[in-house]
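Listed here are the chains, written in short residue letters.
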Amino acid sequence: MKKPYLIALDLDGTLLNDNKVISQRTKNAVLKAKQEGHVVCISTGRPYRASTEYYEELGLNTPIVNFNGAFVHHPHDPSFGVYHSPLELSQAKKVIKTAEDFLVKNIMAEVLDDVYLHKEDQVIVDTFIMGENPAQTGDLNKRLNDDPTSLLIHPHDHHVNELRDQLKKEHAEVIDQRVWAAPWNIIEVIRSGLNKAVGLQKISAYYNIPKERTIAFGDEDNDLEMIEYAGHGIAMGNAISELKNIANYVTKSNEEDGIALYLEEVLELNM
């Protein structure tokens, strides 16, 4: 029997097509890889509540990386452990103050699957919370009483770079930040030192699969460390140029079954 590979799948722009659906060909390839003994996991910036639909659709029984590595757990095996590394509340409130100085449109704090909104915002509720969990709305300086897993800051478009520079200047030692692609330009803030590669290393150790047999797929800047860590770091055809530059290989886009094409060939899947 071939030695098993660990296959890490980002969701948006990678496993999911532009309609947020797993195409049939990609699903078949992932299921075939599982059937042949390979270990498939999801590694995403999304919270767990917004990942379970796809976890269950693929019939996974593996750990999952959420919040870009700030929360890693195994939904079906407590022996794996629960790794939750939130921002300290006092530091989070300093970040919120920096954002408020830029008169940002809104700030969302997430404590695992509990959601807090600085201001009422139906667009954010419909787009990011999707009715999965009612948000608590109100001044985060008063409402937020627990260490948040992440902060999502929605600045005005002309302030994105300036605010990112200010966050780096004031808080670089304690936070890591990412920016979501247009049209949102959301700045995501988590505790310093966390990324998807940190979570993937925990899963790799759990299954005793070395990085030489780790395949990771991604498309955005929150995938950089994971793609760099994996022995087979694969950028999607729709990925940002920075990711393509460090990837071992660039496959087709998320609209062209890039994951399936790579797995079928490299793992010699007999579809």
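See the structure printed just above.
Treat the numbers as computed from the prediction; the structure is a model and nothing was measured. (Residues numbered from 1 in each chain as written. Predicted model: local features only at pLDDT ≥ 70, side-chain atom pairs only at ≥ 80, totals over all residues. Heavy atoms only, no water.)

Asks: Residues and numbers for the overall build of the protein, please.
Replies: Broken down by element type, the protein carries 11 helices and 14 strands. For 271 residues, the compact-globule formula gives about 18 Å, and the C-alpha radius of gyration of the protein, at 18 Å, lands near that figure. Each of the three principal axes of the protein carries a C-alpha extent, and together these read 55 × 40 × 35 Å. Per-residue burial for the protein yields a buried fraction of 55% across its 271 residues. In the protein, 57% of the contacts between residues at least 6 apart in sequence involve partners at least 24 apart. For the protein, the computed accessible surface area is about 12,200 Å², with 46% contributed by carbon and sulfur atoms. (Helix = DSSP H or I, 4+ residues; strand = E, 2+ residues; numbered from the N terminus. Rg over C-alpha atoms; globule rule 2.2 N^0.38 Å. Buried < 20%, exposed > 50% of the residue type's maximum accessible area, 1.4 Å probe, protein only. Contact = heavy atoms within 4.5 Å. Areas by Shrake-Rupley, 256 points an atom, 1.4 Å probe, with all protein chains shown as cover.)

Asks: Describe in detail empty space enclosed by the protein, supporting the description with residues and values.
Replies: Summed over all chains, the structure comprises two cavities of 30 Å³ or more. Looking at the largest cavity, the residues that line it are Thr14, Leu15, Leu16, Asn17, Val21, Ser23, Thr26, Met236, Asn254, Asp257, Gly258 and Ile259. Taken together, the elements giving at least two residues each to the lining of the largest cavity come down to helix H1 (11-15) and helix H11 (258-266). Residue composition of the lining of the largest cavity, grouped by class: five nonpolar, six polar and one charged. (1 Å grid on protein atoms, 1.4 Å probe; cavity = no way out; pocket = protein on both sides within 12 Å on 5 of 7 lines; lining within 4 Å. Points joined across faces, edges and corners; volume = space filled by probe spheres on them. Nonpolar A, V, L, I, M, F, W, Y, C, P; charged D, E, K, R; others polar.)

Asks: So, the pattern of salt bridges: which residues are in play, and what are the values?
Replies: Following the criterion strictly, the structure yields 12 salt bridges and no others. Between Glu57 and Lys27 there is a salt bridge whose closest N-O contact spans 3.6 Å. Separated by 30 residues along the polypeptide, Glu57 in helix H3 (residues 52-57) and Lys27 in helix H2 (residues 24-35) bring together distant segments of the chain. According to the relative accessible area criterion, Glu57 is partly exposed, its value standing at 30%. We note a salt bridge from Asp223 to Lys196, for which the minimum N-O separation is 2.6 Å. Of the two residues, Asp223 sits in the loop between strand E12 (214-218) and helix H9 (224-229) while Lys196 sits in helix H8 (residues 196-207), which places them 27 residues apart along the sequence. A residue is classified by how much of its surface remains accessible, and Lys196, at 0% relative accessible area, is buried. Linked by salt bridges that have partners in common, Asp10, Lys196 and Asp223 make up one network. (Salt bridge = Lys/Arg side-chain N within 4 Å of Asp/Glu carboxyl O.)

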